[in-house]
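Structure assessment
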Amino acid sequence: MLFAIHAVDHAGALDKRLSHYEAHKAFLSDTSADDVTIVMSGPLTADDGQTMIGSLFLVEAADRAAVERFHHADPFFAAGIWQTVTITGFLRRQG
């Protein structure tokens with residue numbers, strides 16, 4: 001099943017995000033331990049198209065519990081970068 005993870009950073013979290021960015025990218029490089037496959041992912045940006053303000057993931061997993069385990073294992077979660085996170089099932093129609 002597909003799930004969308006929409007995570008918005010706390011205001012002013014950019015420096016903290018950047019200090020944990022390498023650990024976050026390393027974590028995402030192998031998600032097999034969490035039984036999650038990343039279909040696509042990347043940072044959300046401010047209207048300038050450059051300033052990172054959050055994260056968006058489209059992942060495939062057996063169930064929501066696997067997605068939650070994956071999310072909680074992310075270094076960004078441990079660092080408290082995200083203010084709000086929504087995990088929602090997703091039905092692909094196009095693309």
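Here's what I pulled together on the structure shown here. Note that the structure is a prediction, hence the values are computed from the model and not measured.

1. So, the overall build of the chain
Within the chain one finds 4 helices and 4 strands. Starting at the N terminus and walking to the C terminus, you meet the elements of the chain as β-α-α-β-β-α-α-β. Here the chain has a C-alpha radius of gyration of 13 Å; the compact-globule value for 95 residues is 12 Å, and the two agree. Principal axes of the C-alpha set define a box for the chain whose edges measure 35 × 30 × 20 Å. Burial statistics for the chain: of 95 residues in total, 34% are counted as buried. Total accessible area computed for the chain in this model is approximately 5,700 Å², and 54% of it derives from carbon and sulfur atoms. For the chain, the distance from the average site of its 7 positive side-chain charges to the average site of its 12 negative ones is 4 Å.

2. Things to note about the sheet that holds strand β3 (residues 52–61)
Hydrogen bonds between backbone groups are what pair the strands of a sheet, and the pairing can be parallel or antiparallel. Strand order in the open sheet formed by 4 strands is β2-β3-β1-β4, and the pairing between neighbours is antiparallel. The sheet terminates laterally at β2 (36–45) and β4 (82–90), the two strands that pair on one side only. Mean inter-strand twist for the sheet, computed between neighbouring axes without regard to direction, equals 15°.

3. A look at the packing of aromatic side chains
For the structure shown, the criterion picks out 5 aromatic pairs. Look at Phe27 and Phe70: their rings are 5.4 Å apart centre to centre, the planes differ by 25°, and that puts the pair in the stacked class. With a gap of 43 residues between them, Phe27 in helix α2 (residues 21–28) and Phe70 in helix α3 (residues 64–73) connect regions that are remote in the sequence. Comparing Phe27 with Phe70, the two get one shared label, buried. Taking 6.4 Å as the distance between ring centres and 90° as the angle between the ring planes, the aromatic pair formed by Phe57 and Trp82 counts as edge-to-face.

About the cut-offs
Residues numbered from 1 in each chain as written. Predicted model: local features only at pLDDT ≥ 70, side-chain atom pairs only at ≥ 80, totals over all residues. Heavy atoms only, no water. Helix = DSSP H or I, 4+ residues; strand = E, 2+ residues; numbered from the N terminus. Rg over C-alpha atoms; globule rule 2.2 N^0.38 Å. Buried < 20%, exposed > 50% of the residue type's maximum accessible area, 1.4 Å probe, protein only. Areas by Shrake-Rupley, 256 points an atom, 1.4 Å probe, with all protein chains shown as cover. Lys, Arg positive; Asp, Glu negative; His and termini not counted. Charge placed at Lys NZ, Arg CZ, Asp CG, Glu CD. Pairing = 2+ DSSP bridges. Axes fitted to C-alpha atoms, helices over the stretch in contact; angles between N-to-C directions. Phe/Tyr/Trp six-rings, centres within 6.5 Å; stacked < 30°, edge-to-face > 60°.

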